Amino acid sequence: MRAARLHEVGQPFRIDQVEIPEPGPRDVLVEVRACNVIPNLRNVVTSWPEWFPYLPLPALPAIFGLDAAGVVSRVGSQVRNVKVGERVYVNPGRHSGDSYASRGGDPLNDPSFTFQGYFGFGPDSHQIYEDYPHGGFGEYITTPVDALVTLPDSVSFEQACRFGYLGTSYAALRKADVKAGTSVLINGGTGTLGVGAVLNALAMGATRVLVMARDRALLERVRQLDPRRVQVHSHGDGDVGEWVRHHTDGLGADAFVDAVGPGAPHEITLAGIDALRRGGRMVDIGGMSETLPLNMFKLMCFQISVIGSNWFSVADGQDMARMAEAGTLDLSVFENEVFPLSAVNEALDAVENRKGGFTNVVVNPSMAEPDSASQLATASSTAG
């Protein structure tokens, strides 16, 4: 099969011929129809280990690609229910299966937890890479059968490969106890994670979705998702706490999801925490890397929780598939820019020019290769 592999950090991906992987007894082989090109991928493949050297990469050359969706092509000998031809999203979170966390039903906190096709969280990630070395930038990928989210026909492969970011925000909202009748403040609500948080908060019944960001045009686009429930605030347009309390009957927000990434100033995050009501919860999913100077006495007095969250379960993914099928989670807002496998480096460039979180950059290894650059431009702008 063809696969885009990284041979050296800082160098472009190369298209190589590699063997189609063999699924193990409890694995399936998936023909990849879409793989998301995530915004942080360029940082990973160009500047590692300067970026978080304690998160190990797979041994190079490696096939990257975090969020893949496609069709089951083969099943292992012990797979009982999943059938060839099923449409699926592949949750790339891998764990050892027998650690204290895995055995306790908490695989996301396995010390060996690893993103297939991306990076890991512990020294034993290298063993998991050996077991599952293929990311989504290849024509086929093997995965444990219990990592699959089955997709309704109404969810396209391009929409499904956005589940990584959508699921991260969904899990955060659940940890913050967002439900019908609650108010949620979202920082960075126009980005890839933030738009997903807004869509999921609306789907989960939040009564007030308060969105902070910088780009006024994108903020207005977010507001139009549900003008009755969504309120927006551009950074610099007045005190955050006053704005939040104005829209929450003076109480403050029930939940605060911080979706801004490394490099963002910590002052805005602190303002969001201060805008929580008594007993409110803050969940960070963006990974703002500045040190956060917290007043622990104040957090104790007001019973404020500060939580870190970086991924989601297969069950969370299945929840989202069902919400999308029912129409409560609206995935039609995404504008898909789809590239063939040979244009993976161009797809990485396209991420830098996306229209906030509404643009979905996708590599489709099954897509016919264009004959010219003009055909490539036409395909990427009209697909999906």
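Here the structure is a predicted model, which means the values were calculated and not measured.

Cut-off values and rules
- Residues numbered from 1 in each chain as written.
- Predicted model: local features only at pLDDT ≥ 70, side-chain atom pairs only at ≥ 80, totals over all residues.
- Heavy atoms only, no water.
- Salt bridge = Lys/Arg side-chain N within 4 Å of Asp/Glu carboxyl O.
- Helix = DSSP H or I, 4+ residues; strand = E, 2+ residues; numbered from the N terminus.
- Buried < 20%, exposed > 50% of the residue type's maximum accessible area, 1.4 Å probe, protein only.
- Core = buried A, V, L, I, M, F, W, Y, C linked by side-chain atoms within 4.5 Å.
- Contact = heavy atoms within 4.5 Å.
- Axes fitted to C-alpha atoms, helices over the stretch in contact; angles between N-to-C directions.
- Parallel < 35°, antiparallel > 145°, perpendicular 65-115°, else oblique.
- Left-handed = near helix turned anticlockwise from the far one by under 90°.
- Nonpolar A, V, L, I, M, F, W, Y, C, P; charged D, E, K, R; others polar.
- Expected span 1.5 Å × (residues − 1).
- Pairing = 2+ DSSP bridges.

(A) Summary view of the pattern of salt bridges. In this structure the tally under the stated criterion is 16 salt bridges. Residues Asp 349 and Arg 42 are paired through a salt bridge, measuring 2.6 Å at the closest nitrogen-oxygen approach. With a gap of 307 residues between them, Asp 349 in helix α12 (residues 344-352) and Arg 42 in helix α1 (residues 41-47) connect regions that are remote in the sequence. Linked by salt bridges that have partners in common, Arg 2, Glu 139 and Glu 369 make up one network.

(B) Quick peek at unusual backbone geometry. Cis peptide bonds are those with omega within 30 degrees of zero, and the linkage from Leu 60 to Pro 61 qualifies with 0°. Among the structural elements, Pro 61 can be located in the loop between α1 and β4 (62-63). Phi angles above zero are rare outside glycine, and Asp 177 is one such case at about 65°. Tracing the sequence through the fold places Asp 177 in the loop between α5 (163-175) and β11 (183-187). Even without glycine at this site, Asp 249 takes up a positive phi of about 55°. Topologically, Asp 249 is positioned in the loop between α8 (240-246) and β14 (253-258). In this structure Asp 249 comes out as exposed when scored by relative accessible area, which is 76%.

(C) The nonpolar core, seen in detail. Counting 104 residues, the largest nonpolar core has Phe 13, Leu 41, Phe 137, Val 184 and Val 209 as its most contacted members. With eight residues, the single largest contributor to this core is helix α6 (residues 192-203). The contact partners of Leu 41, leaving out residues within four places of it in the chain, are Phe 13, Phe 64, Tyr 118, Phe 137 and Leu 348. Counting residues in hydrophobic clusters, the runner-up holds 15 residues, among them Val 244, Ile 268, Ala 275 and Leu 276.

(D) Looking closely at the packing of α5 against α6. Orientation of α5 relative to α6, taken along the N-to-C sense of each, is 55°, at an axis distance of 8 Å. Judged by the angle between their axes, α5 and α6 are oblique. With respect to the hand of their crossing, α5 and α6 are arranged in right-handed fashion. Along its contact with α5, which presents Tyr 165, Leu 166, Thr 168, Ser 169, Tyr 170 and Leu 173, the element α6 presents Thr 192, Leu 193, Gly 196, Ala 197, Asn 200 and Ala 201. Tallied by class, residues from the contact of α5 with α6 come to seven nonpolar, five polar and no charged.

(E) Expanded view of α6. Its twelve residues give α6 an end-to-end C-alpha distance of 17 Å, which sits within 8% of 16 Å, the value for a rise of 1.5 Å per residue. With twelve of twelve residues buried, α6 is to be regarded as a mostly interior element. If you check which residues of α6 are buried, you get Thr 192, Leu 193, Gly 194, Val 195, Gly 196, Ala 197, Val 198, Leu 199, Asn 200, Ala 201, Leu 202 and Ala 203. Where α6 is buried, its residues contact α5, β11, β12 (208-213), α7 (216-223), β13 (230-234) and α11 (314-326).

(F) Broad picture of the pairing of strand β6 (residues 87-90). Here β6 shows no split at all, with Arg 87 and Tyr 89 on one side and Val 88 and Val 90 on the other all buried. Inspection of the sheet shows strand β5 (residues 67-75) paired to β6 by four bridges, in the antiparallel sense. Along β6, the bridge assignment pairs Gly 70 with Val 88.

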